[in-house]
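This is what each chain is made of:
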Amino acid sequence: MKIRIYETDFDGRPVDCSGEYFSGKTALDIVEGMTMNPFQSHLTPHKFMEQTLATIGEKEFSLPEDPETAALAFLQKLTALGYAEFVLDDGELDTQHPIATSPVENEKYSNNKP
């Protein structure tokens, strides 16, 4: 999983084509990576997420207690508000093999045709 966190201008708006990439196996790995700097390394992931949300005017956004669920909700909130975007790595999305959603489509895309 990879996400790009945009830098903000002096008014707090995200700046396109800017920012830093963070990656990890889970959302919590990404949030922990975001705290690895001298200004936030003392914060727990939950406190970091709360502080970041408050900074962008989302202090009332309630994070779940479970750290992994909270991290995913946090990253989704950042993307929904335009402060971040999820980035696909090469080979992460298989566009050559569509996922069948019905039995008819299963037959259509099956390699076991008579």
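In what follows, the structure referred to is the one given above.
Described in the following lines is the structure provided in the data block.

Scoring rules and cut-offs
- Residues numbered from 1 in each chain as written.
- Predicted model: local features only at pLDDT ≥ 70, side-chain atom pairs only at ≥ 80, totals over all residues.
- Heavy atoms only, no water.
- Axes fitted to C-alpha atoms, helices over the stretch in contact; angles between N-to-C directions.
- Helix = DSSP H or I, 4+ residues; strand = E, 2+ residues; numbered from the N terminus.
- Parallel < 35°, antiparallel > 145°, perpendicular 65-115°, else oblique.
- Left-handed = near helix turned anticlockwise from the far one by under 90°.
- Contact = heavy atoms within 4.5 Å.
- Nonpolar A, V, L, I, M, F, W, Y, C, P; charged D, E, K, R; others polar.
- Buried < 20%, exposed > 50% of the residue type's maximum accessible area, 1.4 Å probe, protein only.
- Lys, Arg positive; Asp, Glu negative; His and termini not counted.
- Salt bridge = Lys/Arg side-chain N within 4 Å of Asp/Glu carboxyl O.
- Polar contact = N/O pair within 3.5 Å; in protein donor to acceptor, adjacent residues only side chain to side chain.
- Core = buried A, V, L, I, M, F, W, Y, C linked by side-chain atoms within 4.5 Å.
- Patch = residues over 30% accessible without salt bridge, like charges linked within 9 Å, V, L, I, M, F, W, Y side chains within 5 Å.
- Areas by Shrake-Rupley, 256 points an atom, 1.4 Å probe, with all protein chains shown as cover.
- Pairing = 2+ DSSP bridges.

With that out of the way, let us pick up the packing of helix α2 (residues 45-55) against helix α3 (residues 67-80). Following both chains from N to C, one finds α2 and α3 inclined at 20°, their axes separated by 10 Å at the closest point. Here α3 runs roughly parallel to α2, going by the angle between their axes. The element α2 and its partner α3 pack so that their crossing is left-handed. Contacts between α2 and α3 involve His 46, Phe 48, Met 49, Thr 52 and Leu 53 from the first element and Ala 70, Ala 71, Phe 74 and Lys 77 from the second. Its residues placed into classes, the contact of α2 with α3 shows 6 nonpolar, 2 polar and 1 charged.

Phi is positive for Cys 17, which is not a glycine, with a value near 60°. Looking at where Cys 17 falls in the secondary structure, it is placed in the loop between β1 (2-5) and β2 (20-23).

Note that Ala 71 resides in helix α3. Between the C-alpha atoms of Ala 71 and Glu 32, which are 39 residues apart in sequence, the distance is 9.2 Å. When sequence neighbours within four positions are dropped, the list of residues in contact with Ala 71 reads Ala 27, Leu 28, Val 31 and Met 49.

If you trace the backbone, Arg 4 turns up in strand β1. The buried charged residue Arg 4 lacks any salt bridge partner; its closest oppositely charged side chain belongs to Glu 85, at an N-O distance of 4.2 Å. Within the local environment of Arg 4, its side chain forms a polar contact with the backbone oxygen of Ser 18, the two atoms lying 3.0 Å apart. If near-sequence neighbours (up to four positions away) are discounted, Arg 4 is found in contact with Cys 17, Ser 18, Glu 20, Tyr 21, Tyr 83, Ala 84, Glu 85 and Val 87.

This part is about the nonpolar core. Residues Met 34, Met 49, Phe 74 and Leu 75 are the most contacted members of the largest nonpolar core, which totals 20 residues. Elements represented by at least two residues in this core include exactly β1, α1 (27-34), α2 and α3. The residues touching Phe 74, leaving out its near neighbours within four places in the chain, are Val 31, Met 34, Phe 48, Met 49, Thr 52, Leu 53 and Leu 63.

Attention shifts here to a nonpolar patch on the surface. Among the surface-exposed residues, Met 1, Leu 72 and Phe 86 lie close enough to one another that they form a single nonpolar patch of about 230 Å² accessible area. Mapped onto the secondary structure, Phe 86 falls in strand β3 (residues 84-87). Classification of Phe 86 by relative accessible area gives partly exposed; the value is 37%.

Note that Met 34 resides in helix α1. Its relative accessible area of 8% is what places Met 34 among the buried residues. The spacing of Met 34 and Glu 20 is 14 residues in sequence and 9.4 Å in space, taken between C-alpha atoms. Not counting residues within four places of it along the chain, the set of residues in contact with Met 34 comprises Ile 5, Phe 22, Gln 40, Phe 48, Phe 74, Leu 75 and Leu 78.

Let us look at the pairing of β1. With 4 bridges joining them, β1 and β2 adopt antiparallel strand pairing. By the bridge assignment, Ile 5 is partnered in β2 with Glu 20. Pairing between β1 and β3: 4 bridges, direction antiparallel. Bridging across to β3, Ile 3 finds its partner in Phe 86.

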